[in-house]
Every structure is written in C-alpha cells, then in structure tokens.
Amino acid sequence: MNHQLSIRLKGTFGKGELAVFRDQVGLTPRGRIDDDWDEEFGRRDLRPEEAGKVELSLWRYADDDWMLSLRCEGAPLPAAEVEELRRTVLDAAGRAGLTATVRNLS
C-alpha cells in the first residue's frame, strides 16, 4: 500500500477523549488504551479492496505519540477527499487538545 497522507499527533488521550476522536474521524475502534502493547487504535475503510483499497488508520507509538495514516492500493483518493479528511482529523485533534503535524505524501 502507498501512503497518501500522514498526520502525527502529540498529546495524551483519556479513554473518553479517544472514543470521541474516533467517532469524529469515523474510525472503527481497535485496541485498548490501558494495554501498553496495543498499537492500532482505529481503522476506516474508504474504498473496498476490489476497487483498490483505501484505509485510514490510527497508531500509537507512545502514550503521547500517535500517527494517523491514509494508505491506498492503486489510484489515490482525489485531492478534495484527502483535504476533507485532513480538516476533519485536525478539527478532532484540536478538540482533544493534541498538536498535529501534517505530511502530504502524494
């Protein structure tokens, strides 16, 4: 899969804040915040495999270090859709009190 967008998030989620963030971004919950070995904390499929899978996922690297990644197989998402996702994530991150660094990869 090719990376189309990465957003690094710095800050700490509480249990309730993580759930709200995932709801705002449309991520299906994964992982348990209390388990220090869990790494993936949410996923959203934006396009099915047969059409060239596109996936948005949230990963934790440390208690205050998170990465939201948009990956695709085949054709990337149109720029307008990527921009809409970026704005949604940045808005949700701001509401959760996180600092975000965006990296457009396409």
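Since this is a predicted model, take the numbers as computed values, not measurements. (Residues numbered from 1 in each chain as written. Predicted model: local features only at pLDDT ≥ 70, side-chain atom pairs only at ≥ 80, totals over all residues. Heavy atoms only, no water.)

(A) Focus on the nonpolar core. Membership of the largest hydrophobic core comes to 24 residues, with the highest contact counts inside it found for Leu-9, Phe-21, Leu-58, Leu-68 and Leu-70. At the level of elements, strand E1 (2-10), helix H1 (15-25), strand E4 (54-62), strand E5 (65-72) and helix H2 (79-95) are the ones that each hand at least two residues to this core. Tallying contributions element by element places H2 first for this core, with 5 residues. Not counting chain neighbours up to four residues away, the residues in contact with Leu-68 comprise Leu-5, Ser-6, Ile-7, Phe-21, Leu-27, Leu-56, Ser-57, Leu-58 and Val-89. (Core = buried A, V, L, I, M, F, W, Y, C linked by side-chain atoms within 4.5 Å. Buried < 20%, exposed > 50% of the residue type's maximum accessible area, 1.4 Å probe, protein only. Helix = DSSP H or I, 4+ residues; strand = E, 2+ residues; numbered from the N terminus. Contact = heavy atoms within 4.5 Å.)

(B) Inspection of the pattern of salt bridges at higher detail. Per the stated rule, a full pass over the model turns up 9 salt bridges. Between Lys-53 and Asp-45 there is a salt bridge whose closest N-O contact spans 3.2 Å. Owing to a relative accessible area of 15%, Lys-53 belongs among the buried residues under this scheme. Take Asp-45: its relative accessible area is 49%, and that puts it in the partly exposed class. In this structure, Glu-55 and Arg-71 form a salt bridge, with 2.5 Å as the shortest nitrogen-oxygen distance. Of this pair, Glu-55 sits in strand E4 while Arg-71 sits in strand E5, and the two are 16 residues apart along the sequence. Residue classification places Arg-71 among the partly exposed positions, given a relative accessible area of 22%. (Salt bridge = Lys/Arg side-chain N within 4 Å of Asp/Glu carboxyl O.)

(C) Structural context of the packing of aromatic side chains. Taken as a whole and judged by the stated rule, the model has 3 aromatic pairs. Ring centres of Phe-13 and Trp-66 lie 4.9 Å apart, and the angle between their planes is 80°; this geometry places the pair in the edge-to-face category. Taken together, the positions of Phe-13 in the loop between E1 and H1 and Trp-66 in strand E5 put the pair 53 residues apart, joining distant regions of the chain. Looking at Phe-13, the relative accessible area reads 5%, which means it is buried. Their ring planes at 75° and their centres at 5.3 Å tell us that Phe-41 and Trp-66 sit as a pair that is edge-to-face. Taken together, the positions of Phe-41 in strand E3 (residues 40-47) and Trp-66 in strand E5 put the pair 25 residues apart, joining distant regions of the chain. Accessibility expressed as a relative area gives 0% for Phe-41, which makes it buried. Its relative accessible area of 0% is what places Trp-66 among the buried residues. Taken together, the ring pairs connect Phe-13, Phe-21, Phe-41 and Trp-66 into an aromatic cluster. (Phe/Tyr/Trp six-rings, centres within 6.5 Å; stacked < 30°, edge-to-face > 60°.)

(D) Quick look at the environment of Tyr-61. Residue position: Tyr-61 is located in strand E4. For Tyr-61, a relative accessible area of 54% corresponds to the exposed category.

(E) Looking closely at the environment of Phe-21. Mapped onto the fold, Phe-21 is located in helix H1. A residue is classified by how much of its surface remains accessible, and Phe-21, at 0% relative accessible area, is buried. Spatially, the C-alpha atom of Phe-21 lies 5.6 Å from that of Ala-92, the residues being 71 residues apart in sequence. Ignoring sequence-local partners within four residues, the contact set of Phe-21 consists of Leu-9, Phe-13, Leu-27, Leu-58, Leu-68, Val-89, Ala-92 and Ala-93.

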